[in-house]
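Structure at a glance
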Amino acid sequence: MTTPSDISAADPALIGPIGPDRLHVMCWNIRRPFPHLAKRHPDRWEDRRWLLIRLLASEQPSVIGMQEVVPDQLHILRAALGPSWQWVGYGRNADHGGEHCPIFYDTDRLRLDSWKQVALSATPDIPGSRSWGNMIPRVAVTARFTDLGTGLPIVIINTHFDHLSRKSRYASARMLSELAVVETDAVVVMGDMNTTARSMPYRYLTREGGLRDSWVVARSRLTEAWGTYSGYRPPKHGGIRIDWILVNDAVEVESAGINAVRFAGAAASDHEPIQAVLHVKKE
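Report follows, based on the coordinates. (Residues numbered from 1 in each chain as written. Predicted model: local features only at pLDDT ≥ 70, side-chain atom pairs only at ≥ 80, totals over all residues. Heavy atoms only, no water.)

1. So, the overall build of the protein chain
In plain terms, the rule: Under the scheme used here, helices are H or I runs from DSSP no shorter than 4 residues and strands are E runs no shorter than 2 residues, and both carry numbers assigned from the N terminus. Whether a residue is buried, partly exposed or exposed follows from its accessible area with a 1.4 Å probe, protein chains only, as a fraction of its type maximum: under 20%, in between, or over 50%, in that order. Contacts are residue-level and defined by heavy atoms, with any inter-residue pair within 4.5 Å sufficient. Method for areas: the Shrake-Rupley scheme with a 1.4 Å probe, in which residue coverage is limited to the protein chains shown. Charge assignment in this entry is limited to Lys and Arg as positive and Asp and Glu as negative, and neither His nor the chain termini are counted. Positions of charges follow a simple convention, taking NZ of Lys, CZ of Arg, CG of Asp or CD of Glu.
Looking only at helices and strands, one finds five helices and 13 strands in the protein chain. Taken along the three principal axes of its C-alpha coordinates, the protein chain extends 45 × 40 × 35 Å. By residue count, 55% of the 283 residues in the protein chain fall in the buried class. Considering only contacts within the protein chain whose residues lie at least 6 apart along the sequence, 74% involve residues at least 24 apart. Put simply, the protein chain shows about 12300 Å² of open surface, and 51% of that area lies on carbon and sulfur atoms. Mean positive and mean negative side-chain charge positions of the protein chain (33 and 31 charges, respectively) differ by 5 Å.

2. Some thoughts on unusual backbone geometry
A positive phi angle is found at His36, which is not glycine, with a value near 65°. If you trace the backbone, His36 turns up in the loop between strand E1 (23–29) and helix H1 (45–59). Residue class for His36 comes out exposed when judged on its relative accessible area of 81%. One non-glycine residue, Gln60, lies in the positive phi region at around 50°.

3. Some words on helix H2 (residues 71–81)
Residues of H2 that are buried include every one of Gln73, Leu74, Ile76, Leu77 and Leu81, and no others. Contacts from the buried residues of H2 go to H1, strand E2 (63–67), strand E3 (85–88) and strand E4 (103–106). Immediately downstream of H2, the backbone of Gly82 shows phi near 115°, a positive value.

4. Section: helix H3 (residues 166–181)
Definition in use: In this scheme, a helix's expected span is set at 1.5 Å multiplied by one less than its residue total.
Between its terminal C-alpha atoms H3 stretches 23 Å, which fits the 22 Å expected from 16 residues at 1.5 Å a residue. Taken as a whole, H3 has its buried residues at Ser168, Arg169, Ala171, Ser172, Ala173, Met175, Leu176, Ser177, Leu179 and Ala180. The elements touched by buried residues of H3 are strand E5 (110–119), strand E6 (139–147), strand E7 (153–160), strand E8 (186–192) and helix H4 (200–206).

5. Re the sheet that holds strand E13 (residues 274–280)
Under the convention used in this document: Here, any two strands with at least 2 DSSP bridges between them count as paired. Helix axes are fitted to C-alpha atoms over the stretch in contact, other axes to C-alpha atoms as well, and angles between N-to-C directions run from 0 to 180 degrees.
Strand order in the open sheet made by the seven strands is E3-E4-E2-E1-E13-E12-E10, with mixed pairing throughout. Each having just a single partner strand, E3 and strand E10 (220–221) make up the two edges of the open sheet. In the sheet, E1 pairs with E2 via five bridges, with the strands oriented parallel. Bridging across to E2, Asn29 finds its partner in Gln67. Those strands touched by H1 are E1, E2 and E13, and its axis lies near 165° from that of E1. Across the face of the sheet, H2 comes into contact with E2, E3 and E4 while running at roughly 150° to E3.

6. With respect to the pattern of salt bridges
Where charged atoms from two side chains of opposite charge approach closely, those side chains can pair. We apply this condition: Salt bridges are counted wherever a side-chain nitrogen of Lys or Arg sits within 4 Å of a carboxyl oxygen of Asp or Glu.
Counted by the stated rule, this structure contains 19 salt bridges. Note that Asp147 and Arg109 form a salt bridge whose closest N and O atoms lie 2.7 Å from each other. Separated by 38 residues along the polypeptide, Asp147 in strand E6 and Arg109 in the loop between E4 and E5 bring together distant segments of the chain.

7. Regarding the packing of aromatic side chains
Counted only if it meets this: By convention, a stacked pair of Phe, Tyr or Trp rings (six-membered ring in the case of Trp) has centres within 6.5 Å and planes under 30 degrees apart, an edge-to-face pair has planes over 60 apart, and any other such pair is tilted. Think of it as a cone above the ring: NZ of Lys or CZ of Arg counts as a charge over the ring if it is within 6 Å of the ring centre and within 35 degrees of the ring normal.
This model, assessed by the stated rule, comprises five aromatic pairs. Ring plane angle 85° and centroid distance 5.8 Å describe the contact between Tyr170 and Tyr204, whose orientation is recorded as edge-to-face. Of this pair, Tyr170 sits in helix H3 while Tyr204 sits in helix H4, and the two are 34 residues apart along the sequence. Classification of Tyr204 as buried rests on a relative accessible area of 14%. Aromatic pair Tyr202 and Trp244: ring centres 5.0 Å apart, planes at 80°, arrangement edge-to-face. You can see Tyr202 sitting in helix H4 and its partner Trp244 sitting in strand E11 (residues 243–247), a full 42 residues away along the chain. Across the pair, exposure class does not vary: Tyr202 and Trp244 are buried alike. Of note, Arg32 hangs over the ring of Phe34, and the distance from its end group to the ring centre comes to 6.0 Å.

Written out as structure tokens, the structure is:
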């Protein structure tokens, strides 16, 4: 079992730190904690947290879209990432509590210019609102940054689609497309979409929405085509990809990977983090 003393940046990285002319992005559903799990249960947060911190220490992305993050985890992540890191986003409930879809970013690399959060519903400006058959609120967080390495603007959108309602996922995809298409700068859309790359939401985002799947268009793929949801089982080749990083035409994808690393056979989350190295085109 990993302990705090095991954590270092010495683990082999899938991507790791990169130069200022490229941007290393990560999308990861880190799985909210559930109390009263037996010791050695693979979902036990008290054990998983060190695995998650260990992976982040080796990969060192510049921006991370996370899902299923509860307030106690926010502060653990902030401390683990270091003093230059901040996040935007609040809880999905009406009182701003509950699960977050935060965008974590390194202030040494990205300057936050503005951000907003909307409910994925027919009333997006009402926190906690629900529509289209989803039983729990769903949100999208949009943040506009200036990349301090290049001086160029970039917009990051992070979300978590509903796990039950097909209608909600499709309507959410249309709404996400509207958020992305109004942007004239480089756009990265990431999230746990709870549906496959053959689904109607995927087709809408990558056709009408004008976005491109980083895994598909990357110049190089750094890993096998692992499924992104493992449920703590060994990684599965050719499994479903329900977590995506999508980009608009202003972004080139140099490489992409599905990080199925295990530490002594243990996974940090029931989802694999997905990563990409991006290059924002100059006008």
